[in-house]
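# Remarks on the overall topology
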Amino acid sequence: EGPSLPRRHASHPLHRVSGCHATVDGEGSCAVWRGRVTSAAARHRRPPRLPPSSNRARRHPPRIAAMAAPDSRPRSARGGERRIEMSKLNLERVMGLTAFHNGSLAVNAVTGEVAYPAGCICVIYSPKRNRQVRFFKSRQAISCVAFSPDGRFIAVGEKGHDPCVRVWELNSGKSLAELRGHRFGVAAIAFSPDARLLASAGYRHDRMVNVFEWRAKACLANSRVGTKVHALAWGETGFVTCGHKSVRFFDTDGLATLAAAPPAHPAALVSRPGVLNGGASDTFVDVACGVGKHSSLTFAVTSGGLLCCFDEGRAMDMWVKVQSSAAFCVTVTETVVNVGCADGIVRAFEPATLNFLATLPQPPAVGRAATSAVAGAADPTGSAGEGGVRPATLCLRLSADSTKLVAIYGDRSLFVWDIKRIDRVAKYRSFVYHSAPIWDVAVLPEAAAPDGSGRPPLPEGTFVTCAADSTIRFWNLDKMALSEARPAETDGAASASGAKPKTRKLRVDDVPSAWRHLHSFYSRELLYVVHADASDRGAAAGELAYPATAPDSRDLPPVCAPGSWPVQGVVVKPIDAEVPPLPDMRIGLRCLSPHPAGGSLAVGDREGNVRVYDLRTMGLTHMLPAHDAEVMSVCFAPRSGALVASGSRDRMVHVFDARRSYALGASLDAHTSAVTAVLFSNDDSRLLSCAGDKTLVFNRVNLDGDAAAGELVTRIKAATAPNGTIYDMHVDSTNRSLVTAGQDKRLNIWNMASCKPVRSYAADPGCQELNRVVMDPAGILAVTCSFDKAIRMYDFYEGRRLSRVTAHSEMVTGLAFTHDCRRMISVGGDACIMVWRLAPELTSAMRERLSEIQSSTDKRAAGPGSATPPVAAVRSASAPVLPAASAVAAAAAASA
């Protein structure tokens, strides 16, 4: 069925297929049409299968722009090929942002869509549709964004070595220009009113201001300014920049002639300084040009909180104090001027007179991000409860009709306020994200409630992250996950009639009472936030009172005290946007592992403690002062959950017995350098550890052994990796193989029974050291991330690279697969969570592999002489098992 394949495909020599056609293309993708692999050896080594091409696949191209270059040949030259142009990994959702100044936020004047950077991705979000509609990928971290006035184009500025300004067409995603002229980074960009020209300003050590005719990719004029440029805005007569005690007006009258015939060398830009009043002696942090009848005015704000208005003669005509300790941004429409200040304050002023109009509601205080919908509905403006620390307002943009105000705050939260009536401002949309580098991610296992009620502590599909902002956050991508009535049940009549079911909005009444504290008021994907602090040390001595029940959805969460760990990760005072702020690296949470039954979560922090949380009450139950240095890895025994192991920079591995209130069961002193990872085998019979001393230690675990006599954990063998440190490892679903990754830039496969290496796959040229590796639950894919910030997917059986993607602007620190075989999640040092959609052929291959394992295990369990029934589902700390998990667990038990 389907079209004939291109001639460039070659038959795969390792597969004997009956009744079908099998091919492999140049990228290493295998296609199988109708039939099954008949060779036993080939069946064991089969690459992922591709389904026949379908209309649905052609209707849904990759959602990320510029991921792969399109084929520029005409259809006649391609011979009428009907190919599916799709990457193996496609960016589906981004949860996080990296906007630290007003130039990194933009609103489309035509559609109202919002653009902001998230690592190397420019996210286009539609408040009206409440979804991310498009992504634009840059090669380096994005520092600033701008829409053209006609809403057709979007431009982004990069930071880093040899940055450029990139311009795309918004609807088609086509790359139109790459403009170079800066050396260290682009601080601000702006289109001219006719969208023909584009101005850009460089970083502190560059200080170049360029004007491009971007369609011709030509620099028309430039100039070097004397101070760092903080912001840039383009009005009707030219553009304006601001910096330290400086507001400069650039004349662009002669650029129209140069645009008609771009010169070989840029001309000199002519600028004149603004006439400042003696009181304006501070740094100007943002500038905006008037709109409509106020187009002759220019508004600028200083870091000290002074709002200034310049007339058409460049003179500072009016000014007013915004009554705040600091100001960060300003945005202007024809009817209002809004200024973002410290403590989340936004002041509104009248443009013509600078008369004060109103103060908008503040964002929630640090610690209140987990406010439930019930408590939020009772206090929608967050005014209840005094005290606490509120983040600063870093970015502000108004919609063209002045009805919506988009704000980004110092805790990296994004709010869209409805300001149709200035006296009745309401929250329209909001999202709350991590405010510091994320260190680890794990998908919670599918399990019943510990009390046997049939409802787990968290809904199906929940995953958890921990970060340097000292928070543990629980996420779920299904907006109806908390509802007992699924969309298919609520709209069954529409589905039966063939109509597309309507998307319902989750209501409070749809959420069971046990889950109502998880129904967040401030974020759609965020379920709950747990805050860690130095005061938790008292738990080691039993000084803390742990909650016995789940949090009451009617109560507001407690705020974090000034100086606490979570507050240190929030921007509350002026910063240098060129160097993003980082919290104290001596505090924060470093690694995590969920209990296989889904009721507990073990977390290691940077002080050397292992924390155990009860997911039903979200309370800290145990505080284990395990190590003298940062905990690098923590892992529950995936089958029984009886043990939890931790490894640290103090080169020690400790094993705690969960059956005896996490008493110390064993201390292993097998390494001479920092331990980088610890891991249990799927059947709990092995404990593995690797460290900076290039050793991989295999230990035998006896759950019935006497811990006092040293029988709980005993060493089997210590192997040496000759080519560098092993950073991470993962056991495959059959419990037969161990894959490691490290400094040698290779995937090394070890036999779990013999503790010996069996094969090795080299990464592609240009790949840097591999710092993380994870396998899919079916055991056919291995995904790695490296110091070059790239994510690579390999065929586990053949070592062929299937895909390479980049999106994070900092090192990728964690990877995890979801239960439904459809997504992979990555987290990084840029505090962003990237959700990747796997290609349908990979999902089908994983599910088919799990089905084969299930069938084989059932036959083995039902056969004569089989005394061991199938065991419960294997639970992996980094990649929990899918719905067919019993197959993987049974295979692991059989191999053991």
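These figures come from a predicted structure and were not determined experimentally. (Residues numbered from 1 in each chain as written. Predicted model: local features only at pLDDT ≥ 70, side-chain atom pairs only at ≥ 80, totals over all residues. Heavy atoms only, no water.)

## Re the overall build of the protein
Going by this rule: In this description a helix means any DSSP run of H or I spanning at least four residues, a strand means any run of E spanning at least two, and both kinds are numbered starting from the N terminus. For each residue, the accessible area found with a 1.4 Å probe, counting protein chains only, is set against the maximum for its type, and the residue is called buried under 20%, exposed over 50%, and partly exposed in between. Contacts between residues were defined by any pair of non-hydrogen atoms, one from each residue, lying within 4.5 Å. Per-residue and other accessible areas were derived by the Shrake-Rupley procedure at a 1.4 Å probe size, with only the shown protein chains allowed to occlude residues.
Check the secondary structure of the protein and you find nine helices and 62 strands. Each of the 896 residues in the protein was classed as buried or not, and the buried ones make up 59%. Across the protein, contacts joining residues at least 24 apart in sequence account for 52% of those joining residues at least 6 apart. Working note: accessible area of the protein is about 35,200 Å², and carbon and sulfur atoms make up 49% of it.

## Some points on the sheet that holds strand β56 (residues 770–775)
The condition is simple: DSSP bridges decide pairing: two strands pair if at least two such bridges lie between them. The axes are straight lines fitted to the C-alpha atoms, using for helices just the contacting stretch, and the angles between their N-to-C directions are given from 0 to 180°.
In space, the four strands of this open sheet follow the order β56-β57-β58-β59, with antiparallel pairing throughout. The open sheet has two edge strands, β56 and β59 (801–806), and neither has a second partner. Direction aside, the axes of adjacent strands within the sheet are offset by 20 degrees on average.

## Some words on the confidence of the model for the protein
The criterion, for reference: A residue's pLDDT is the predictor's confidence in that residue, given on a scale from 0 to 100.
Averaged over all residues, the pLDDT of the protein equals 82, while 80% of them reach at least 70. Here residues 1–86 is a poorly scored stretch, pLDDT under 50, and it has 146 contacts once near neighbours within four places are set aside; other chains count. Overall, residues 486–502 carries pLDDT values under 50, and its contacts beyond four positions in sequence, including any with other chains, amount to 13 contacts.

## So, the packing of aromatic side chains
The cut-off we apply is this: Classification of ring pairs uses Phe, Tyr and Trp, with its six-membered ring standing for Trp, and accepts pairs whose centres are within 6.5 Å; under 30 degrees between planes counts as stacked, over 60 as edge-to-face, and the remaining range as tilted.
Considering all chains together, one arrives at 17 aromatic pairs under this definition. Relative to Phe415, the ring of Tyr409 lies with its centre 5.6 Å away and its plane at 80 degrees, an arrangement referred to as edge-to-face. Residue class for Tyr409 comes out buried when judged on its relative accessible area of 0%. A relative accessible area of 0% places Phe415 in the buried class.

## Quick look at the pairing of strand β39 (residues 526–531)
Most of β39 sits out of view: five of its six residues are buried. As paired strands, strand β38 (residues 471–475) and β39 are joined by five bridges and run antiparallel to one another. Along β39, the bridge assignment pairs Thr471 with His531.

## Examining empty space enclosed by the protein
The criterion, for reference: We place a 1 Å grid over just the protein atoms. Points where a 1.4 Å probe fits but has no way out form a cavity, open points with protein on both sides within 12 Å along at least 5 of 7 lines form a pocket, and any residue with an atom within 4 Å of a point lines it. Grid points are joined across faces, edges and corners, and a volume is the space filled by probe spheres set on the points. Each residue gets one label: Ala, Val, Leu, Ile, Met, Phe, Trp, Tyr, Cys and Pro are nonpolar, Asp, Glu, Lys and Arg are charged, and the others, such as Gly, are polar.
Under the counting rule described, the total for this entry stands at nine cavities of 30 Å³ or more. Computed from the structure, the largest cavity encloses a volume of approximately 130 Å³. Together, 16 residues line the largest cavity, and Val366, Gly367, Asp411, Arg473 and His531 are the ones closest to its centre. A per-class count over the lining of the largest cavity returns eight nonpolar, four polar and four charged.

## Some points on the pattern of salt bridges
For the record, the criterion: Here, a salt bridge means any Lys or Arg side-chain nitrogen found within 4 Å of an Asp or Glu carboxyl oxygen.
The full count for this structure, using the stated rule, is 33 salt bridges. Put simply, Asp728 and Arg772 hold a salt bridge, and the shortest N to O gap is 3.0 Å. Note that Asp728 is positioned in strand β52 (residues 726–731) and Arg772 in strand β56, a separation of 44 residues in sequence. Exposure remark for Asp728: the relative accessible area of 10% places this residue in the buried category. Shared partners join several salt bridges into a network, and the residues in it are Glu92, Asp820, Arg822, Arg823 and Arg837.

## Things to note about the pairing of strand β60 (residues 812–817)
When you tally the buried positions in β60, you get six out of six residues, the bulk of the element. Alignment of β60 against strand β61 (residues 823–828), held across five bridges, turns out to be antiparallel. Residue Val812 lies in a different strand from β61, and its bridge partner there is Gly828.

## Digging into the side chain of Arg412
For clarity, the cut-off: For the charge count, each Lys or Arg is scored as positive and each Asp or Glu as negative, with His and the chain ends excluded. Polar contacts, as counted here, are pairs of nitrogen or oxygen atoms within 3.5 Å of one another; within protein the pair requires one atom able to donate a hydrogen and one able to accept it, and residues that are adjacent in sequence qualify only if both atoms are side-chain atoms.
Residue position: Arg412 is located in the loop between β33 (404–409) and β34 (414–418). The buried charged residue Arg412 lacks any salt bridge partner; its closest oppositely charged side chain belongs to Asp830, at an N-O distance of 6.6 Å. Among the polar contacts made by the side chain of Arg412, one reaches the main-chain carbonyl oxygen of Asp830 at a distance of 3.0 Å. Residue contacts for Arg412: discarding those within four places in its chain leaves Leu97, Thr98, Phe100, Tyr433, His434, Ser435, Asp830 and Ala831.

## Regarding the layout of surface pockets
Volume-wise, the second largest pocket comes out at about 1,000 Å³. Surrounding the second largest pocket, 43 residues form its lining, Phe147, Trp234, Val291, Val332 and Arg397 being those nearest its centre. Secondary-structure elements contributing two or more residues to the lining of the second largest pocket are β7 (106–107), β11 (142–147), β15 (186–191), β19 (229–234), β24 (284–289), β28 (327–332) and β32 (393–398). Each residue belonging to the lining of the second largest pocket can be placed in one class, and the counts come to 26 nonpolar, 13 polar and four charged.

## Observations concerning helix α8 (residues 840–862)
Counting along an α-helix, one turn takes 3.6 residues, and residues three or four places apart therefore face a common direction. Heads up, the rule is: Helices are assigned an expected span. That span is 1.5 Å times one less than the residue count.
When the terminal C-alpha atoms of α8 are compared, their 33 Å separation across 23 residues agrees well with the 33 Å that a helix rising 1.5 Å per residue should span. Those residues of α8 that fall on the buried side of the exposure criterion are Glu841, Leu842, Thr843, Ala845, Met846, Arg849, Leu850, Glu852, Ile853 and Thr857.

## Some thoughts on the nonpolar core
Generally speaking, nonpolar side chains in soluble globular proteins are found buried as a group. Condition: Only buried residues count toward a nonpolar core, which is a set of Ala, Val, Leu, Ile, Met, Phe, Trp, Tyr and Cys residues joined through side-chain atoms within 4.5 Å.
Judged by nonpolar contacts, the single largest core of 124 residues is most densely connected at Tyr116, Phe474 and Ile791. Counting residues in each nonpolar core, the second largest holds 32 residues, with Val653, Ala666, Ala677 and Phe680 among its members.

## With respect to the sheet that holds strand β50 (residues 695–701)
Hydrogen bonds between backbone atoms are what pair the strands of a sheet, whose relative direction is either parallel or antiparallel. The four strands are arranged β48-β49-β50-β51 in an open sheet whose pairing can be described as antiparallel. Every other strand in the sheet has two partners, leaving β48 (675–680) and β51 (713–720) as the edge strands with one partner each. The mean inter-strand angle of the sheet, taken between neighbouring strand axes irrespective of direction, is 20 degrees. Examined bridge by bridge, β50 and β51 share seven bridges and lie antiparallel to one another. Within β51, the position partnered with Phe698 by the bridge is Lys717.

## Description of unusual backbone geometry
Even without a glycine there, the phi angle at Lys217 is positive, about 55 degrees. As for its position among the elements, Lys217 is in the loop between β17 (208–213) and β18 (218–224). The phi dihedral of Asn735 is positive, around 65 degrees, even though this residue is not glycine. Mapped onto the fold, Asn735 is located in the loop between β52 and β53 (737–742). Under the relative-accessibility criterion, Asn735 is labelled buried at 7%.

## Structural notes on the state of the cysteines
Quick reminder of the rule: Cysteine sulfur atoms that pair up within 2.5 Å are treated as a disulfide.
This model, assessed by the stated rule, comprises zero disulfides. Its sulfur unpaired, Cys832 is 9.6 Å from the next cysteine sulfur, which belongs to Cys120. According to the relative accessible area criterion, Cys832 is buried, its value standing at 0%.

## Notes on the side chain of Ser303
Tracing the backbone shows Ser303 in the loop between β25 (298–302) and β26 (306–310). For Ser303, a relative accessible area of 16% corresponds to the buried category. Engagement of the side chain of Ser303 in a polar contact is seen with the side chain of Asp282, the distance being 3.2 Å. Ser303 has contacts with Asp282, Thr283, Val285, Ser325, Ala326 and Ala327, leaving out every residue within four places of it along the chain.

## Some words on the environment of Ala326
With respect to the helices and strands, Ala326 occurs in the loop between β27 (316–321) and β28. Given the relative accessible area of 4%, Ala326 is considered buried. Residues Ala326 and Asp343, spaced 17 residues apart in sequence, show a C-alpha to C-alpha distance of 9.0 Å. Residues within four places of Ala326 in sequence aside, it is in contact with Ser303, Cys341, Ala342 and Pro574.

## Topic: the environment of Glu213
For Glu213, the location among the structural elements is in strand β17. Considered as a pair, Glu213 and Leu197 are 16 residues apart in the sequence and their alpha carbons are 4.9 Å apart. Among all residues touching Glu213, those that are not within four sequence positions of it are Arg196, Leu197, Ala218, Leu220 and Ala259. Within the structure, Glu213 has its side chain in polar contact with the backbone nitrogen of Arg215 (distance 3.2 Å).

## Thoughts on the environment of His622
Mapped onto the elements of the fold, His622 is located in strand β43 (residues 619–625). On the accessibility criterion, His622 (24% relative accessible area) is partly exposed. Residues His622 and Ala602, spaced 20 residues apart in sequence, show a C-alpha to C-alpha distance of 9.2 Å. Discounting chain neighbours no more than four positions away, the residues touching His622 are Val610, Arg611, Val612, Ser661 and Tyr662. Separated by 3.1 Å, the side chains of His622 and Thr621 make a polar contact.

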